[in-house]
Amino acid sequence: MIEIGLAVHIAFFVALVAGLNARGFLNIYSGLFLYLAFHFMVFVQRPLIVYLFDLRSEFEFMRYMPSDEVFLQTLFVTDLGLLSFVLAYLAALGFKPVEPTFNYIRPTQSEARSFLIAFLLLVPLILYSFLLALTMRQTYGVGVLLELGQINMTVDPATGQKLFADTTAYVVNARNFAFPFAALLIHMTRARWWSYLAMSFCALIALQLGERWEIVISGLIASMMTLYIHKRRAFTWVHYSGMVVVLALFVMIGQNRDSMVKFLTTGEIEFDFDLAKSSFGAHPDFANFDFLTYVIAKVPAVSGTYSYFTQYLGMFTQPIPRILWPDKPVGSPVSWVNLDAYGHFASRTTSLVGDGWISLGYLGVVTTLSLCGWFFGKMFRRFCQPQISIYFYCAYFWIVGLLLQWARDGGYKILDFLLFCIGPLVLAYFIERTFWGRVPVVNKGGA
């Protein structure tokens, strides 16, 4: 029965992609394109690999094995989520394909000054954060040079999350404020080769800490901006090669988180790679399908209730630094569903589909993915208009790029990354409004 389910599941995805492409809706600059890529990676190829090779490592970690019924139900739920996203996205476009204008957006003098002021305001914090990143293991162990003092971290017993005890992530992770300025440099220089150095440096600093989302998202953003500047509608072999390199780094660093740090601190190279235990095998990186079977099996059968979207209340408490609120709850202040209480789910992610299921079952999946699809459809439609501001232009690439992380993680935690990626852009916008007292002039097009 599972073989038939997988065949129908794969055929549905192929037919949907073919239909969207035939009607001109697939565009590499759109959120739809990225969500389809995500869905293929974790909800099409992953269940096939799990079934064919009988991968059980994640199920053993969660102390749970899915029945055939749950396996098939999970396939259906992912398809329902994908269809909800696609239909809402198409509705936001008015069911008519649109294309980017490829106008080069040249900042006005006041916009350029605003970006410069925003950078000067943030650069001390960015430099201090870079210093911390170069002298500590932020995620594992957190050893800081003596002259910098000791940054203490605690582990929340309920979720397994590492929390800063005597500082705030706003300071420790402030280096990420540099990303939008690095991307702006690529745009301003029209993708000269040396303009990528700043973005690469920011990503590599994160990589030496064992953090990988920065190199994936920034690599994607750099590729998309370069293609847009060169008025291309498809990736070239150079970009595909770059994606392969980024994916390889993502997979290899995932299996050797400490390798770069050990090399930098001791000069010793300790590196091994096992395909069976890599991201494509017995590893949690692309295992959202495995996690989703757990979510569907436990909610509401074991939890006794749905969350009814209360997990999003954490959006109001999350921005408050823990240094100001030591007893701040991890996540939402209202917790009706605790996945770790029904097995072992710590450090695993629900995905947007799973988050929708936790909220209200099938209706929650339709609601969550429809809102997401509608939002990215509206954003893309706005992006394709002939006149957009430099602020929206830069923010759009980051918002779309972060969809990969949001789709994988689910919930509202993406707001952490979004703050760093578009916060400086918002700051520059308000600086212009404050000093020049007018709405920024939008781009009138250019060569």
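What you see as residue numbers is a count from 1 along each chain, following the sequence as written. Reporting of local features is limited, given that this is a predicted model, to residues whose pLDDT is at least 70; pairs of side-chain atoms are given and counted only at 80 or more, and all residues count toward the totals for whole chains, interfaces and linings. Side-chain numbers here rest on the full set of heavy atoms in the structure, without hydrogens or water.

Caption draft 1: Looking closely at the overall build of the protein chain. When you go through the protein chain residue by residue, the secondary structure sums to 17 helices and two strands. Out of the 447 residues in the protein chain, the part that is buried amounts to 52%. We call two residues contacting when some pair of their heavy atoms lies within 4.5 Å. Put simply, 76% of the contacts in the protein chain that link residues at least 6 apart link residues at least 24 apart. Per-residue accessibility takes into account occlusion by the displayed protein chains alone, with areas from the Shrake-Rupley method and a 1.4 Å probe. Accessible surface, the protein chain: about 20,100 Å² in total, of which carbon and sulfur atoms supply 67%. By the criteria applied, helices consist of DSSP H or I runs no shorter than four residues and strands consist of E runs no shorter than two, each listed in order from the N terminus. The rule is simple: take the accessible area with a 1.4 Å probe, protein chains only, and divide by the maximum for that residue type; under 20% is buried, over 50% is exposed, in between is partly exposed.

Caption draft 2: Spotlight on a nonpolar patch on the surface. Residues form patches when they are more than 30% accessible in relative terms and have no salt bridge. Like charges link within 9 Å. Nonpolar side chains (Val, Leu, Ile, Met, Phe, Trp, Tyr) link within 5 Å. Every case where a carboxyl oxygen of Asp or Glu lies within 4 Å of a side-chain nitrogen of Lys or Arg is listed as a salt bridge. Judged by side-chain polarity, Leu 185, Trp 193, Trp 194 and Leu 197 come together as a nonpolar surface patch covering roughly 470 Å² of accessible area. Position of Trp 193 relative to the elements: it lies in the loop between α7 (178–188) and α8 (196–207).

Caption draft 3: Structural detail: the packing of helix α14 (residues 351–383) against helix α15 (residues 390–401). Here an angle of 0 to 180 degrees is reported between the N-to-C directions of two axes, which are lines fitted to C-alpha atoms, with helices fitted over the stretch in contact. Packing of α14 against α15 leaves a shortest axis separation of 11 Å and a crossing angle of 145°. Both α14 and α15 take part in a crossing whose hand is left-handed. For the pair formed by α14 and α15, the contact residues are Phe 375, Phe 376, Met 379, Phe 380, Arg 382 and Phe 383 on the first element and Phe 392, Tyr 393, Tyr 396, Phe 397, Ile 399 and Val 400 on the second. Classification used: nonpolar for Ala, Val, Leu, Ile, Met, Phe, Trp, Tyr, Cys and Pro, charged for Asp, Glu, Lys and Arg, polar for all others including Gly. When grouped by side-chain class, the residues that make up the contact of α14 with α15 number eleven nonpolar, no polar and one charged. If you view the pair so one helix is near and one far, a crossing is left-handed when the near helix is turned anticlockwise from the far one by less than a right angle, and right-handed when it is turned clockwise.

Caption draft 4: Spatial organisation of unusual backbone geometry. Looking along the chain, the bond that leaves Val 299 and enters Pro 300 is cis, with omega of 0°. The topology assignment puts Pro 300 in the loop between α12 (288–298) and α13 (314–317). In the Ramachandran plot, Ser 347 falls in the positive-phi region, its phi being about 75° despite a non-glycine side chain. Relative to the helices and strands, Ser 347 resides in the loop between α13 and α14.

Caption draft 5: Region of the structure containing helix α2 (residues 31–53). By this rule, a helix spans an expected 1.5 Å times one less than how many residues it contains. Helix length check: α2 (23 residues) gives 32 Å between terminal C-alpha atoms against 33 Å at 1.5 Å per residue, within 8%. Maximum bend of α2: about 40°, positioned at Phe 40. Phi turns positive one or two residues past the end of α2, at Asp 54, with a value near 50°. Bend angle per residue: angle between axes fitted to the 7 residues ending at that residue and the 7 residues starting there.

Caption draft 6: Spatial organisation of the packing of aromatic side chains. Two rings belonging to Phe, Tyr or Trp (six-membered ring only in the last case) form a pair when the distance between their centres is within 6.5 Å. Interplanar angles under 30 degrees mark stacking, angles over 60 mark edge-to-face geometry, and anything in between is tilted. For the structure on display, the rule yields 35 aromatic pairs. The interplanar angle of 85° and the centroid separation of 5.1 Å between the aromatic rings of Phe 375 and Phe 376 together place this pair among those described as edge-to-face. Given the relative accessible area of 2%, Phe 376 is considered buried. What links up through ring pairs into an aromatic cluster is the set Tyr 29, Phe 102, Tyr 228, Phe 383, Phe 392, Tyr 393, Tyr 396 and Phe 397. Either the NZ atom of lysine or the CZ atom of arginine qualifies as a charge over a ring when it sits within 6 Å of the ring centre and within 35 degrees of the ring normal. Positioned above the aromatic ring of Tyr 104 is the side chain of Arg 190, whose terminal nitrogen or guanidinium carbon lies 3.8 Å from the ring centre. Above the face of the Phe 392 ring, Arg 382 is positioned so that its terminal group lies 4.5 Å from the ring centre.

Caption draft 7: Seen up close, the packing of α2 against α14. Following both chains from N to C, one finds α2 and α14 inclined at 150°, their axes separated by 10 Å at the closest point. Classified by the interaxial angle, the pair formed by α2 and α14 is roughly antiparallel. On α14, the residues that touch Gly 31, Tyr 35 and Phe 43 of α2 are Ser 351, Val 353, Leu 369 and Phe 376. For this classification, under 35 degrees means roughly parallel, over 145 means roughly antiparallel, 65 to 115 means roughly perpendicular, and everything else is oblique.

Caption draft 8: Quick look at the pattern of salt bridges. Counting across every chain of the model gives six salt bridges. For Arg 233, the salt bridge goes to Glu 99, with nearest N and O atoms at 2.8 Å. With Arg 233 in the loop between α9 (213–229) and α10 (237–255) and Glu 99 in the loop between α4 (68–92) and α5 (109–134), this pair connects stretches of sequence that are 134 residues apart. Taking relative accessible area as the criterion, Arg 233 reaches 52% and is therefore assigned exposed. You can call Glu 99 partly exposed: its relative accessible area is 39%. As a salt-bridge pair, Asp 409 and Arg 408 come within 3.4 Å of each other at their nearest N and O atoms. On the basis of relative accessibility, which here comes to 23%, the residue Arg 408 falls in the partly exposed class. Salt bridges sharing common partners tie together Asp 285, Arg 408 and Asp 409.

Caption draft 9: Just the nonpolar core, in detail. Counting 112 residues, the largest nonpolar core has Tyr 29, Tyr 35, Leu 339, Phe 383, Tyr 393, Phe 397 and Trp 398 as the members making the most contacts within it. With sequence-adjacent residues up to four places away left out, Tyr 29 is seen in contact with Pro 100, Phe 102, Met 224, Leu 227, Tyr 228, Arg 232, Phe 380, Phe 383, Tyr 396, Phe 397 and Val 400. Here the nonpolar core consists of buried residues drawn from Ala, Val, Leu, Ile, Met, Phe, Trp, Tyr and Cys, with membership extended through side-chain atoms lying within 4.5 Å.

Caption draft 10: The arrangement of the environment of Val 245 in detail. For Val 245, the position within the fold is in helix α10. Note on Val 245: relative accessible area 48%, which makes it partly exposed. Taking the C-alpha atoms as reference, Val 245 lies 9.9 Å from Gly 219; in sequence the two are 26 residues apart.

Caption draft 11: Up close: the confidence of the model for the protein chain. Scored by pLDDT, the protein chain has a mean of 85; 81% of the residues are at 70 or more. Confidence of the predictor at the level of single residues is captured by pLDDT, which takes values from 0 to 100. The model gives residues 137–150 a pLDDT under 50, and that stretch makes 35 contacts with residues more than four places away or in other chains.

Caption draft 12: Quick look at the environment of Ile 323. Secondary-structure assignment places Ile 323 in the loop between α13 and α14. The exposure class assigned to Ile 323 is partly exposed, which follows from its relative accessible area of 43%. Each C-alpha atom of the pair Ile 323 and Ala 169 lies 9.6 Å from the other, and the pair is 154 residues apart in sequence.

Caption draft 13: Inspection of α8 at higher detail. Spanning twelve residues, α8 covers 16 Å between terminal C-alpha atoms, matching the ideal 16 Å at 1.5 Å per step. Listing the buried residues of α8 in full gives Met 199, Cys 202, Ala 203, Ile 205, Ala 206 and Leu 207.

Caption draft 14: Representation of the environment of Asn 338. Inspection of the secondary structure assignment puts Asn 338 in the loop between α13 and α14. Overall, Asn 338 belongs to the partly exposed group, its relative accessible area being 33%. Sequence-wise, Asn 338 and Ile 358 are 20 residues apart; in three dimensions their C-alpha atoms are separated by 10.0 Å.

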